[in-house]
Amino acid sequence: MSLNPTILIQNLLNGLMVGGLYALIAVGYTMVYGILRLINFAFGDVMVMGIYFAYYGATLIRLSFPLAVTVSLAGTALLGIVIDRLAYKPLRNSPRISALITAIGVSFFIESFAVVFFGPNYKPFLDALENKTIAFESFVIGNVYLPKIIFIILGITAIALFILFVIVYRTKIGMAMRAISADIPTTSLMGINVDNVIGFTFAISSALAALAGVMWALRYPSFYPYTGFVPGLKAFIAAVFGGIGSIGGAVVGGILLGVIEMMIITLFPTLMQYKDAFAFIILIVILLVKPAGLLGKRTVEKV
Amino acid sequence: MVTAMRTMKEKTRRDLTLTVLFVIFVAILLQVANVKFDSYQKQVLSLMAIYGIMAVSLNLVNGITGVFSLGHAGFILLGAYTSALLTIPPEQKAMIFIIEPAHPFIANLHTDFFTATIVAGGISALGAFIIGFPVLRLSGDYLAIASLGFSEVLRILALNLQSITNGSLGLKGIPNHTNIWWSWGWLLVTVLFIVSLVKSSYGRALLAIRENPIAAEAMGINVFKHTLLSFVISAFFAGVSGSLYAHWLTTIDPRITTFGPVLTYYVLIMVVLGGLGSVSGSIIGAILFAFLMEWLRMFEQPFTLFGRQYPAIQGMRMLVLSVLFVVTMIVWKRGLFGRAEITWDGIRKLMKKFRRSGSR
């Protein structure tokens, strides 16, 4: 087995980038799970809706690309709030399993909606860019080609995560979010409108998922209504990996998952086709060995 | 006391007679359908029973044991591929495995449909046994995701094990063995088996686990062993349904929309529509689902509504069904039957009520 350092560096970067995108979606899973104990199955599909909004914003309405992305973020944030109000809010006091089934239903609904209104076929995302060459330019250092797009994505991911941390740990609404994840009834007694804060959480996490989706589409440009399924599941795995409920854990878990995936492919190129299977095996191993994840708190179930 | 026991015994005997009569009645109806219906209608009728087996088997794990598994599509896929490889004649296999020739062991396999279906169930059950060890140690949402993950892993394997599954090309030319008798016959076997299981001490244990696993454990029920048992039995019938489904479709491939999570969602919709935890609900949910799927097909061809012409809408069926699914969960939480079953006692009571309100 000969390991080519060029390929190693490229794959490491790729892994970091994909991991960053997992992290962006994983943060959404972990925030919603932390508050509602609900796996919002639909985040992968929200991510795809983000891609569609940006794509149609740029191609149909002819907005400039940054504006189209902004519109897409706002649109998916709204979508997140609507999903919460219509589908999850009526079930706040039902058994957790009903909420999970509903989340699956919502995911299925968004996929079907996209098939009906946007068509079942693959679409080329790069049509949304005025200048497509940006997606193919690379920095060349010696014989190492480093695609510029990777650095752009890494930069934006870092900024988005920084803003998220500021919101969650340095603002009033962030404090309310953290309070709700600790104890909902007490928080509402303190005069905090729980529903609004939950809505806000859905808005932020959906917008992050959409941002991740747009960047995903920049790197892997053809997309269709089921594109979000695998990244969505993997982001959930990343959230569990890092310790569900912990935002820092989701970031660490996402990046680690991305890098591990790419490293396995680099070391064992023959396993390339089975790439998507590793994440699930990692999930099982983590759950069996360290059920609370890397940074999660252990909770004891009281009878 | 003795008379009470006698009436109980008489009642069970009477119920048994009624059940047998009911099965004969359904069989006669099916025979009539077999003669009168065109081949498309017969196909739909078979599909109803296939969906019924899928729903009843998923209900055993998700509704009766209360373990939320999302891995059903994986077991159906395992059964479908196993039986298809067993019934496709060797000459046909030589023709479809074009990228890479079939593994010599597989290339020469050939059995009849019944054996293939049993083997399919067995392989699925074995798969569930192996997967169950890690997965069933988890609980709640984690178990759901892990089982979904494993069914995806199976699909990825089917996509890539070129010499066994023919990869993304799938298997074509599976003999069209599934007819009304095979599918409804297997549905009868499934229902008989699962209903007697639920009524046995094992079934009571499963229900106890559903209500409260910790309390069940405290009462001396081995929770892991019992959940594994229900998981394996459920997978066996999922494999059987997969075999019937493969010989109904005649072409199978590992695409996300054929054996991916979408199929699990379908089965989940059937079970939830009928009422999670109810065997009769699952069957009626499945029949309803198959009917709706075919009826909604009219929107996927050009159609007229209120005198206006509309073009075909691709994917409309899924949209309507997913809306129905979400609305059921939110508004009509328990589905058609909740956890209740259709029993002869229930029907008797209902008829009494009717008679009383009729005489008034």
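Position numbers for residues start from 1 in each chain and track the written sequence from start to end. Written order decides the labels, with chains lettered from A and ligands numbered from 1. It should be noted that, the model being predicted, local features are given only for residues of pLDDT at least 70 and side-chain atom pairs only at 80 or more, the latter also being counted only at that level, while totals for whole chains, interfaces and linings use all residues. Here the side-chain values reflect all heavy atoms present in the structure, with hydrogen atoms and water set aside.

Participant: Explain the overall build of chain B to me, please; I cannot follow it from the model alone.
Facilitator: Each helix is a run of DSSP H or I of at least 4 residues and each strand a run of E of at least 2, with the numbering of both proceeding from the N terminus. Scanning chain B from N- to C-terminus turns up 16 helices and two strands. Whereas a compact globule of 360 residues would reach a radius of gyration of roughly 21 Å, chain B reaches 22 Å, a difference of no more than 12%. With the C-alpha coordinates of chain B rotated into their principal frame, the extents come out at 70 × 60 × 40 Å. By residue count, 52% of the 360 residues in chain B fall in the buried class. Within chain B, contacts between residues at least 6 apart in sequence are counted, and of these 80% link residues at least 24 apart. Summing over all exposed atoms, chain B offers an accessible surface of approximately 17000 Å²; the carbon and sulfur share of this is 69%. By the counting scheme adopted, Arg and Lys are positive, Glu and Asp are negative, and His together with the chain ends is not counted. Charged groups are reduced to one reference atom each: NZ for lysine, CZ for arginine, CG for aspartic acid, CD for glutamic acid. Seen as two clouds, the 29 positive and the 15 negative side-chain charges of chain B have centres 13 Å apart. Between the two quantities, the radius of gyration covers C-alpha atoms and the globule rule is 2.2 Å times the number of residues to the power 0.38. For each residue, the accessible area found with a 1.4 Å probe, counting protein chains only, is set against the maximum for its type, and the residue is called buried under 20%, exposed over 50%, and partly exposed in between. Only heavy atoms enter the contact rule, under which two residues are in contact if any of them lie within 4.5 Å. The Shrake-Rupley method, run with a 1.4 Å probe, gives the accessible areas here. Residue values count only the displayed protein chains as cover.

Participant: In this structure, what is going on with the pattern of salt bridges? I would like to understand it.
Facilitator: Between side chains of opposite charge, a pair can form as their charged atoms come close. What makes a salt bridge here is a side-chain nitrogen of Lys or Arg within 4 Å of a carboxyl oxygen of Asp or Glu, nothing more. Applying the stated criterion to the full structure yields nine salt bridges over all chains. In this structure, A:Arg92 engages A:Asp195 in a salt bridge whose closest nitrogen and oxygen atoms are separated by 3.2 Å. Remark: A:Asp195 occurs in helix α8 (residues 194–219) and A:Arg92 occurs in the loop between α3 (65–88) and α4 (96–118); sequence separation between them is 103 residues. Notably, a salt bridge pairs B:Asp15 with B:Arg348, separated by 2.9 Å at the nearest N-O pair. Within this pair, whereas B:Asp15 is found in helix α1 (residues 2–36), its partner B:Arg348 is found in helix α16 (residues 344–359), the two being separated by 333 residues in sequence. Classification of B:Asp15 by relative accessible area gives buried; the value is 18%.

Participant: Where do I start with the nonpolar core in this structure?
Facilitator: Taken as a class, soluble globular proteins show a tendency for nonpolar side chains to be buried jointly. The biggest cluster of nonpolar side chains holds 216 residues, and the ones touching the most others in it are A:Phe41, A:Phe125, B:Tyr51, B:Leu171 and B:Tyr266. For this core, the element with the most residues is helix α1 (residues 5–36) of chain A, which contributes 16 residues. Aside from chain neighbours lying at most four places away, what touches B:Tyr266 is A:Phe108, B:Tyr51, B:Phe289, B:Met293 and B:Met318. B:Ala205, B:Ile209, B:Ala216 and B:Ile221 belong to the second-largest nonpolar core, a separate cluster that totals five residues. Throughout, nonpolar core names a set of buried Ala, Val, Leu, Ile, Met, Phe, Trp, Tyr and Cys residues whose side chains join them through atoms within 4.5 Å.

Participant: Just to check I follow, could you spell out the UniProt feature "transmembrane region" (unreviewed entry) in chain A for this structure?
Facilitator: Residue and element names in this part refer to chain A. Per the UniProt record, the feature "transmembrane region" (unreviewed entry) sits at residues 12–31, 38–58, 64–87, 99–119, 149–169, 197–217 and 277–296. Measuring from the first to the last C-alpha atom of residues 12–31 gives 28 Å, for a span that is 100% helix and 0% strand. Secondary structure across residues 149–169 comprises 100% helix and 0% strand; the distance between its end C-alpha atoms is 30 Å. UniProt positions are given in the numbering used here, feature names are shortened, and annotations may be inferred rather than shown by experiment.

Participant: How should the packing of helix α13 (residues 261–274) of chain B against helix α15 (residues 316–331) of chain B be read in this particular structure?
Facilitator: In a packed pair of helices, the relevant descriptors are the angle between the two axes and the axis-to-axis distance. Residue and element names in this part refer to chain B. A fitted line through C-alpha atoms serves as each axis, taken over the contacting stretch for helices, and the angle formed by two N-to-C directions is quoted from 0 to 180°. For the pair α13 and α15, interaxial distance at closest approach is 10 Å and the crossing angle is 45 degrees. The orientation of α13 with respect to α15, classified from their angle, is oblique. Our pair here, α13 against α15, has a crossing hand that is left-handed. Contacts between α13 and α15 involve Tyr266, Leu268, Ile269, Val272 and Leu273 from the former and Met318, Leu321, Leu324, Phe325, Thr328 and Met329 from the latter. Polar here means any residue other than Ala, Val, Leu, Ile, Met, Phe, Trp, Tyr, Cys and Pro, which are nonpolar, and Asp, Glu, Lys and Arg, which are charged; Gly is therefore polar. Of the residues in the contact of α13 with α15, the class split is ten nonpolar, one polar and no charged. Orientation is classified from the angle alone, with under 35 degrees giving roughly parallel, over 145 giving roughly antiparallel, 65 to 115 giving roughly perpendicular, and any other angle giving oblique. In this scheme the handedness of a crossing depends on how the near helix is turned from the far one: anticlockwise by less than a right angle means left-handed, clockwise means right-handed.

Participant: Honestly, a nonpolar patch on the surface in this entry has me stumped. Any pointers?
Facilitator: Residues and elements named next belong to chain B. On the surface, Ile284, Leu288, Val323, Val327, Val331, Trp332, Leu336 and Ile342 cluster together into a nonpolar patch covering about 660 Å² of accessible area. For the nonpolar patch, the secondary structure elements donating two or more residues are α14 (279–295) and α15. In terms of residue count, α15 provides more of the nonpolar patch than any other element does, three residues in total. Mapped onto the elements of the fold, Val327 is located in helix α15. Like charges within 9 Å and nonpolar side chains (Val, Leu, Ile, Met, Phe, Trp, Tyr) within 5 Å are joined into patches, using only residues over 30% in relative accessible area that form no salt bridge.

Participant: When you look at the packing of helix α2 (residues 39–65) of chain B against α13(B) in this model, what are you seeing that I'm missing?
Facilitator: Residues and elements named next belong to chain B. One way to put it is that α2 packs onto α13 with a least axis distance of 9 Å and a crossing angle of 75 degrees. The angle between α2 and α13 places the two elements in the roughly perpendicular class. Across the interface between the two elements, Tyr51, Met54, Ala55, Leu58, Asn59 and Asn62 of α2 pack against Tyr266, Val267, Leu268, Met270 and Val271 of α13. Considered class by class, the residues forming the contact of α2 with α13 number nine nonpolar, two polar and no charged.

Participant: Quick question: what am I supposed to make of the pairing of strand β2 (residues 138–141) of chain A here?
Facilitator: If a strand is regular, its side chains alternate between the two faces of the sheet. By definition, two strands form a pair when at least two bridges between them are found by DSSP. Strand direction decides the pairing type here: β2(A) and strand β3 (residues 144–147) of chain A, joined by four bridges, are antiparallel. Looking at β3(A), one finds that A:Val140 is bridged to A:Tyr145.

Participant: Looking at this structure, I do not really get the interface of chain B and chain A. What am I missing?
Facilitator: Listed per partner, the contact involves 44 residues of chain B and 45 residues of chain A. Summing both partners gives a buried area of about 3800 Å² for chain B against chain A, and 83% of it is carried by carbon and sulfur. What gets called buried area is simply the loss in accessible area from a 1.4 Å probe that two parts show on being joined, summed for both. The largest per-residue losses of area from chain B upon contact with chain A belong to B:Asp141, B:Tyr142 and B:Ile145, which jointly make up 18% of the total buried on that side. Scanning the region where chain B abuts chain A turns up zero salt bridges. For the purposes of these results, a polar contact is taken to be a pair of N or O atoms within 3.5 Å, where, inside protein, one atom must be able to donate a hydrogen and its partner to accept one; residues adjacent in sequence count only when each atom of the pair is a side-chain atom. Applying the counting criterion to the chain B and chain A interface returns zero residue pairs in polar contact (both at pLDDT 80 or more). Elements represented by at least two residues in the side of chain B that touches chain A include exactly α6 (113–135), α7 (140–160), α13 and α15 of chain B. In terms of residue class, the side of chain B that touches chain A is made up of 34 nonpolar, six polar and four charged.

Participant: For this particular structure, what's the right way to read helix α5 (residues 148–170) of chain A?
Facilitator: Spacing of three or four residues puts side chains on the same side of an α-helix, whose turn is 3.6 residues. Residues and elements named next belong to chain A. Helix span is expected to be 1.5 Å times the residue number reduced by one. Here α5 contains 23 residues, and its C-alpha end-to-end distance of 32 Å stays within 8% of the 33 Å for a straight helix at 1.5 Å per residue. Every buried residue belonging to α5 is among Ile149, Ile150, Ile153, Thr157, Ala160, Leu161, Leu164 and Val168, and all of these are buried. If you follow the buried residues of α5, they end up packed against α1, β3, α6 (172–182), α8 and α10 (247–267).

Participant: I keep staring at the confidence of the model for chain B and nothing clicks. Help me out?
Facilitator: Detailed reading of the predicted coordinates is not advisable wherever pLDDT is low. Confidence of the prediction at every residue is given by pLDDT, a number between 0 and 100. With 98% of its residues at a pLDDT of 70 or more, chain B shows a mean pLDDT of 86. Least confident of the elements in chain B is strand β2 (residues 308–310) of chain B, whose mean pLDDT is 73; most confident is helix α12 (residues 223–249) of chain B, at 95.

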